[in-house]
Amino acid sequence: ANYIWHVRGIDDQGNPGPWSFWRPGTPGPYRFTVSPPAAVRPTYPPNGATITVPVLKWRTVPYASSYEVQIAPDQNFNKANTNIFRTYTNELAPGLWNPAPQINILYYWRVRGVTGSGIVGKWSTDLTANATSFIFSTGGPVAAIAPVQNELVQTPVLQWTRLPNADHYDVS
């Protein structure tokens, strides 16, 4: 974004002084440009990975005070099915996902930096050419541990492997 600026003082009574002026022989008015943040590089998960904890991470970029993350089941990020998240760190952790990703769906994601004044940077897809993808999984299937096949037991105690994201289990 391009800006033009000048300044003036205001005394303790609230009276403004004259605006700053441009000295003869110097270019004026005073102009400056604010560059948007650079494109962000995703770091986790690796492209195409199956993850059991929904965490996305990326490298920070200078001048970004927050990050905008888009997640969608299509790599074109059509607005109808794209979720947009804002975070102030370089990761999108489980507590920020609303709605949570569905299980065993291929998702694409991209991220960009945003300055404190709202200037948005380039999407990570500008740097990587393609959106990064992941599949969210419960980590299953569950593996039965005990009792083993055809084991004779007096008091059955059923044991199985834990899934990192399982809230409860169905046993039949």
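These figures come from a predicted structure and were not determined experimentally.

Engineer: Residue-level account of the sheet that holds strand E9 (residues 106-114), with values.
Structural biologist: The strand order across the open sheet formed by five strands is E4-E10-E9-E6-E7, and the pairing between neighbours is mixed. Among the strands making up the open sheet, the edge pair consists of strand E4 (49-51) and strand E7 (83-87). On average, each strand axis in the sheet is tilted by 35° relative to the strand beside it, whichever way the strands run. Alignment of strand E6 (residues 66-72) against E7, held across five bridges, turns out to be antiparallel. Pairing of Gln70 across the sheet is with Ile84, part of E7.

Engineer: Residues and numbers for a nonpolar patch on the surface, please.
Structural biologist: Among the surface-exposed residues, Tyr3, Trp5, Val7 and Phe32 lie close enough to one another that they form a single nonpolar patch of about 380 Å² accessible area. Locating Tyr3 in the fold gives a position in strand E1 (residues 2-5). Classification of Tyr3 by relative accessible area gives partly exposed; the value is 35%.

Engineer: So what about the pairing of E9? Which residues, and what values?
Structural biologist: Taken across its nine residues, E9 has eight buried, putting it largely inside the fold. Bridge count for E6 against E9 is seven bridges, and the pairing is antiparallel. Bridging from a neighbouring strand, Val69 pairs with Val111 of E9.

Engineer: Mind laying out the environment of Pro99, listing which residues take part and the relevant values?
Structural biologist: Examined against the element boundaries, Pro99 turns out to sit in the loop between strand E8 (91-92) and E9. Along the primary structure Pro99 and Asn83 are separated by 16 residues, whereas in three dimensions their C-alpha atoms are 8.0 Å apart. Non-local contacts of Pro99, meaning those with residues more than four positions away in its chain, are made with Asn83 and Phe85.

Calculation criteria
Residues numbered from 1 in each chain as written. Predicted model: local features only at pLDDT ≥ 70, side-chain atom pairs only at ≥ 80, totals over all residues. Heavy atoms only, no water. Pairing = 2+ DSSP bridges. Helix = DSSP H or I, 4+ residues; strand = E, 2+ residues; numbered from the N terminus. Axes fitted to C-alpha atoms, helices over the stretch in contact; angles between N-to-C directions. Patch = residues over 30% accessible without salt bridge, like charges linked within 9 Å, V, L, I, M, F, W, Y side chains within 5 Å. Areas by Shrake-Rupley, 256 points an atom, 1.4 Å probe, with all protein chains shown as cover. Salt bridge = Lys/Arg side-chain N within 4 Å of Asp/Glu carboxyl O. Buried < 20%, exposed > 50% of the residue type's maximum accessible area, 1.4 Å probe, protein only. Contact = heavy atoms within 4.5 Å.

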